[in-house]
Amino acid sequence: MLHIHLLRFSIDPSPWLLKIMCGSIEIRTVYVGHRQARAVIISRLSCERAGTRFNVRGVNDDGHVANFVETEQVLFLDDEVTSYVQTRGSVPLFWEQPGIQVNY
C-alpha cells in the first residue's frame with residue numbers, strides 16, 4: 001500500500017516494486033492401488049483487492065473483485081497429469097454493505 005502515496009505525485013513505482021504471491025501450496029504422495037501419485041493444491045490470493053469481507057466488497061473501476069482466490073488441484077500419476085482450477089471472489093458488481101453502527 002506504500003505505492004498509493006507515490007501515485008498521488010505521478011511517480012510510477014513499478015520499477016521498484018515486485019508483486020509476490022500470497023497463498024499456499026501443499027504436495028502429498030497418495031497411493032492408488034499399487035500405484036503412487038502426487039497430489040498438489042495451490043491457492044493464490046490476488047493482491048489487487050484483498051481484505052476482510054466486511055471492509056472490501058464488490059468490484060472496483062479496474063474490474064478487480066474483492067478477495068479473488070484461484071485454487072488449482074494437480075494430480076500426477078505415472079505419465080498422466082490432470083488439473084482442475086476453481087476461482088472465487090466477491091460478486092462482480094458495484095455494491096457495498098454498511099457495517100453495524102454501534103454508536104448512533
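Residues numbered from 1 in each chain as written. Predicted model: local features only at pLDDT ≥ 70, side-chain atom pairs only at ≥ 80, totals over all residues. Heavy atoms only, no water.

For the protein, an unreviewed UniProt entry supplies the name Phosphatidylinositol-3-phosphatase SAC1 and the organism Diaphorina citri.

(A) Examining the overall build of the protein more closely. For the protein, the helix and strand inventory stands at one helix and four strands. Taken from N to C terminus, the helices and strands of the protein fall in the order α-β-β-β-β. Scored against the burial criterion, the 104 residues of the protein give a buried share of 15%. Expressed as a percentage of contacts within the protein between residues at least 6 apart in sequence, the contacts between residues at least 24 apart total 36%. Accessible surface for the protein amounts to roughly 9,000 Å². Of this, 58% is attributable to carbon and sulfur atoms. (Helix = DSSP H or I, 4+ residues; strand = E, 2+ residues; numbered from the N terminus. Buried < 20%, exposed > 50% of the residue type's maximum accessible area, 1.4 Å probe, protein only. Contact = heavy atoms within 4.5 Å. Areas by Shrake-Rupley, 256 points an atom, 1.4 Å probe, with all protein chains shown as cover.)

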